2 protein chains.
Amino acid sequence: MLSLLAALLQMQPAPEIPSEQVGSAEILEAARTDDRNWRALSPANTLYMQVNGGRVVIELNPALAPENAAALRALATAGVFDGGTIDRVQENYVVQWSAREDADAEAEGDDAPVTVPGELARDAADMTVTAVPYADSYAPRIGFVNGFPVAMDDSAIWQTHCYGALGVGRGDDVDGADGRELYVVIGHAPRHLDRNITLAGRVVDGMEYLTVLQRGTGPLGFYETDTEKTGITSIRLASDVAEAERPGVEIMRTDTPAFSAWVDARANRARDGWFVRSAGAIDLCNIPVPTREVSEEE
Amino acid sequence: MLSLLAALLQMQPAPEIPSEQVGSAEILEAARTDDRNWRALSPANTLYMQVNGGRVVIELNPALAPENAAALRALATAGVFDGGTIDRVQENYVVQWSAREDADAEAEGDDAPVTVPGELARDAADMTVTAVPYADSYAPRIGFVNGFPVAMDDSAIWQTHCYGALGVGRGDDVDGADGRELYVVIGHAPRHLDRNITLAGRVVDGMEYLTVLQRGTGPLGFYETDTEKTGITSIRLASDVAEAERPGVEIMRTDTPAFSAWVDARANRARDGWFVRSAGAIDLCNIPVPTREVSEEE
């Protein structure tokens, strides 16, 4: 249902980018009603993680980590994470989990890969990026590609370790990961990890099922006993799940004027009533990519 | 007890700043053994919040928010938060709590203030700042004052909304807060709040008792029913607590060469073994201020 405000906005001469007089809530509300601003999640690039009584929805990032995205797709289809465990929850840092212990042997019979190369960055020339026109502490340029926050230098582009980023754990060998140890960022963006370890996606819904987990009391937040670990019911590729059981989460397109207007509004919050001062800028990892429930629109 | 590594470092000609060849873990370990790098918490500026089965230790920031620090001191001594409730836990944002409902009337008999002015920034000329020599998305200059992350422009200085920052809730009136609604940042730094609402301290220990709380399902993460709210056993000023019951947490001094070496090491992580690339920079809110337990040193 359209709110009165959204209806009024639609009665104005249609602006490509909403007026600067409009605050962030109004921009988002107006954007919600225009289907061109939204996209469905591709079932081939979406994982559902059933854990801690809820469903965490993860979007894979094949544009920036194609081999790792393919590996996670295969591992999910092989079911190696079903019965896996959350092994580590480090305050202001990461939640980390592993595949079921006996899953290695089973998966060898499938097409699941044994090791996955590190994909720390890609050639920037290959990517179309929606620029975020503000300074970043870590990189010369920042922006978004298909909903993923990215940073760039003159030649390379990489996904950034923002809140909710999904990474593929590794030991000392950058190319030695097996895709069976994954982590999600649950604290202030640990951007020092950028280009040191592969990011293969991000959580788009359900972070709250991960962030409330008890922190581990061992070094690096690992649990000290098996009984403290939370079991993972399953991680499924959306393609492997009946269509009726897929949640209707849609993601705001980040290559639209509406998204750029949203970023601009978030950088200039004094347009919103409560604020008395705008920063005139915003940190890349402080830009939420909005979602909408499809059912709301029907 | 000194580790072998720390002992070896001490045998070298004493450097004011440890060699750039040394990684962050080694710098911290060496710093731990030198009492000049640490300070105790002042009991007059420390709050103990007993909640969710643990103790959250908060350091007030009288240098940057003197009137708000004084108000929180008085309110804690008056006991207004004992029996208060956590009313709001918003994912990737804040935990917010309020004083006991009948505390207003009681506190009026004490010296507790009725309203507290907003202290959004101070005169930068009055402050000695340890500079952090990296770019910030929000402000021309950044650094630390007495353990608190700060940002500055040509004339003003303010505490920043990093993870763990303690804020004083307000309505639309910047000067209308009553000090009885407080919040702590539990997500990626919402720096757009800087200079819009008063920060009066930060959590130095025990964040994990706040961050694991179930997120509220109402708008802005407020709980929808009273039964969902977590009760606050007490918030006490450390001066009001017997000395034997004060935890032995010490804070690394941020005005020391050791702290600057720590920041430098965290910005250049490739000196640490696992990393393959250094950012050569670090975001202000990604710099943890180390703590130590005094009992460990005895």
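First things first, this report covers the structure right here in the doc.

Definitions and cut-offs
- Counting from 1, residues in each chain are numbered in the order their sequence is written.
- Here every chain gets a letter starting at A, and every ligand a number starting at 1, in the order they are written.
- In view of the model being predicted, local features appear only for residues whose pLDDT reaches at least 70, and side-chain atom pairs are presented and counted only at 80 or more, with totals across whole chains, interfaces and linings using the full set of residues.
- The side-chain numbers reported here are obtained from all heavy atoms of the structure, hydrogens and water having been left aside.
- Residues are said to line a cavity or pocket when one of their atoms sits within 4 Å of a point; the points come from a 1 Å grid over protein atoms alone, cavities being sets where a 1.4 Å probe fits but cannot get out and pockets being open sets with protein on both sides within 12 Å along at least five of seven lines.
- Grid points are joined across faces, edges and corners, and a volume is the space filled by probe spheres set on the points.
- Gly is placed with the polar residues, together with every amino acid not listed as nonpolar (Ala, Val, Leu, Ile, Met, Phe, Trp, Tyr, Cys and Pro) or charged (Asp, Glu, Lys and Arg).
- Runs of E in the DSSP output that reach at least two residues are strands. Runs of H or I that reach at least four are helices, and both are numbered from the N terminus.
- For every residue, the accessible area (1.4 Å probe, protein chains only) is compared with the maximum for its type, and the residue is labelled buried under 20%, exposed over 50%, or partly exposed between those bounds.
- Contacts are residue-level and defined by heavy atoms, with any inter-residue pair within 4.5 Å sufficient.
- Using a 1.4 Å probe, buried area is obtained as the accessible area two parts lose upon being combined, added over both of them.
- In what follows, salt bridge is the name for a side-chain nitrogen of Lys or Arg lying within 4 Å of a carboxyl oxygen of Asp or Glu.
- Strand pairing follows a simple DSSP-based rule, namely that at least 2 bridges must link the two strands.
- To get an axis, a line is fitted to the C-alpha atoms, and for a helix only the part in contact is used. The angle between two axes follows their N-to-C directions and goes from 0 to 180 degrees.
- Only residues with pLDDT of at least 70 in both copies count here: their C-alpha atoms drive the least-squares fit that superposes the copies.
- Within this analysis, the arc is defined by the directions that extend from the helix axis to the C-beta atoms.
- In this analysis, rings of Phe, Tyr and Trp, with Trp reduced to its six-membered ring, are considered paired at centre separations within 6.5 Å, and the interplanar angle assigns stacked below 30 degrees, edge-to-face beyond 60, and tilted for intermediate values.
- Put simply, a charge is over a ring when the Lys NZ or the Arg CZ is close to the ring centre, within 6 Å, and near the line of the ring normal, within 35 degrees.

### Some points on empty space enclosed by the protein
If you roll a probe as big as a water molecule over the atoms, it shows you where there is empty space left.
Working step 1: The tally for this structure, following the rule as stated, stands at 5 cavities of 30 Å³ or more.
Working step 2: When its volume is computed, the largest cavity comes out at roughly 100 Å³.
Working step 3: Around the largest cavity, the lining is made up of 16 residues, and of these S137 and D283 of chain A together with S137, H188 and D283 of chain B lie nearest the centre.
Working step 4: If you add up the space inside the second largest cavity, you get close to 80 Å³.
Working step 5: Around the second largest cavity, the lining residues are L64, E119, L120, A121, W158, Q159, H161, D194, R195, I197, T198 and L199 of chain B.
Working step 6: Across the lining of the second largest cavity, the residue classes break down as 6 nonpolar, 3 polar and 3 charged.

### Topic: unusual backbone geometry
Residues and elements named next belong to chain B.
Working step 1: Phi at N146 is positive, roughly 55°, even though this residue is not glycine.
Working step 2: Mapped onto the secondary structure, N146 falls in the loop between strand 8 (141-145) and strand 9 (148-152).
Working step 3: Since its relative accessible area comes to 43%, N146 is described here as partly exposed.
Working step 4: The phi dihedral of R195 falls on the positive side, at around 65°, and the residue is not glycine.

### A look at the interface of chain B and chain A
Working step 1: Across the contact, 40 residues belong to chain B and 40 residues belong to chain A.
Working step 2: Buried area between chain B and chain A, summed over both chains or domains, comes out near 3,700 Å², and the portion from carbon and sulfur atoms is 53%.
Working step 3: Put simply, chain B and chain A have 0 salt bridges between them.

### Here's the deal with the sheet that holds strand 15 (residues 249-252) of chain A
Residue and element names in this part refer to chain A.
Working step 1: If you trace the 3 strands from one edge of the open sheet to the other, you get 1-15-16, paired in antiparallel fashion. Every interior strand has two partners, whereas the edge strands, strand 1 (38-40) and strand 16 (291-293), have only one. Recorded for the sheet is a direction-independent mean angle of 35° between the axes of neighbouring strands.
Working step 2: Summarising the sheet, strand 1 and strand 15 pair through 3 bridges and their orientation is antiparallel. Bridging from a neighbouring strand, W38 pairs with M252 of strand 15.

### Here's the deal with the relation of the copies chain B and chain A
Working step 1: Rotating chain B by 180° and moving it 0.0 Å along the rotation axis overlays it on chain A with an RMSD of 0.0 Å. The operation mapping one copy onto its partner corresponds to a two-fold rotation axis.
Working step 2: In this assembly the copies share their binding face: 100% of the residues contributing to the interface of chain B also contribute to that of chain A.

### Quick notes on the sheet that holds strand 4 (residues 85-89) of chain B
By way of backbone hydrogen bonds, the strands of a sheet pair with one another, either parallel or antiparallel.
Residue and element names in this part refer to chain B.
Working step 1: Strand order in the closed barrel formed by 8 strands is 2-3-13-11-12-5-4-14, and the pairing between neighbours is antiparallel. Sheet twist, expressed as the mean angle between neighbouring strand axes with direction ignored, is 35°.
Working step 2: Direction of pairing for strand 11 (residues 165-168) relative to strand 13 (residues 199-205): antiparallel, over a ladder of 3 bridges. Bridging across to strand 13, L166 finds its partner in G201.
Working step 3: Against the sheet, helix 3 (residues 66-78) makes contact with strand 2 (46-51), strand 3 (54-60), strand 11, strand 12 (181-185), strand 13 and strand 14 (230-237), and its axis sits at roughly 110° relative to strand 14, the strand it touches most.

### Focus on helix 2 (residues 24-32) of chain A
All names here are of chain A.
Working step 1: Taken as a whole, helix 2 has its buried residues at S24, I27, L28 and A31. The buried residues of helix 2 occupy one face: seen down the axis, they fall within an arc of 95°.
Working step 2: At its buried positions, helix 2 is contacted by strand 1, strand 15 and helix 6 (257-267).

### Re the side chain of S234 of chain A
All names here are of chain A.
Working step 1: In this fold, S234 is placed in strand 14 (residues 230-237).
Working step 2: Classification of S234 as buried rests on a relative accessible area of 12%.
Working step 3: Aside from chain neighbours lying at most four places away, what touches S234 is Y48, M49, Q50 and D82.

### Describing the packing of aromatic side chains
Any two aromatic rings considered together are summarised by their centre-to-centre distance and by the angle between their planes.
All names here are of chain A.
Working step 1: One pass over the full model with this rule turns up 4 aromatic pairs over all chains.
Working step 2: Ring plane angle 75° and centroid distance 5.0 Å describe the contact between F144 and F259, whose orientation is recorded as edge-to-face. Placement of the pair is F144 in strand 8 (residues 141-145) and F259 in helix 6, with a sequence separation of 115 residues. Across the pair, F259 and F144 agree in class, each one buried.
Working step 3: Taken together, a centroid distance of 5.1 Å and an interplanar angle of 85° make the contact between W274 and F275 edge-to-face.
Working step 4: Lying over the aromatic face of F148, R202 brings its terminal NZ or CZ to 5.7 Å of the ring centre.

### Points about the pattern of salt bridges
Working step 1: The full count for this structure, using the stated rule, is 30 salt bridges over all chains.
Working step 2: The shortest N-O distance in the salt bridge between R39 of chain A and E59 of chain A comes to 2.8 Å. Of this pair, R39 of chain A sits in strand 1 while E59 of chain A is found in strand 3 (residues 54-60), placing the two residues 20 residues apart along the sequence. Like E59 of chain A, R39 of chain A is buried.
Working step 3: Note that R141 of chain B and D154 of chain B form a salt bridge whose closest N and O atoms lie 3.9 Å from each other. Taken as a pair, R141 of chain B in strand 8 and D154 of chain B in the loop between strand 9 and strand 10 (156-159) lie far apart in primary sequence, 13 residues in all.
Working step 4: Exposure remark for D154 of chain B: the relative accessible area of 75% places this residue in the exposed category.

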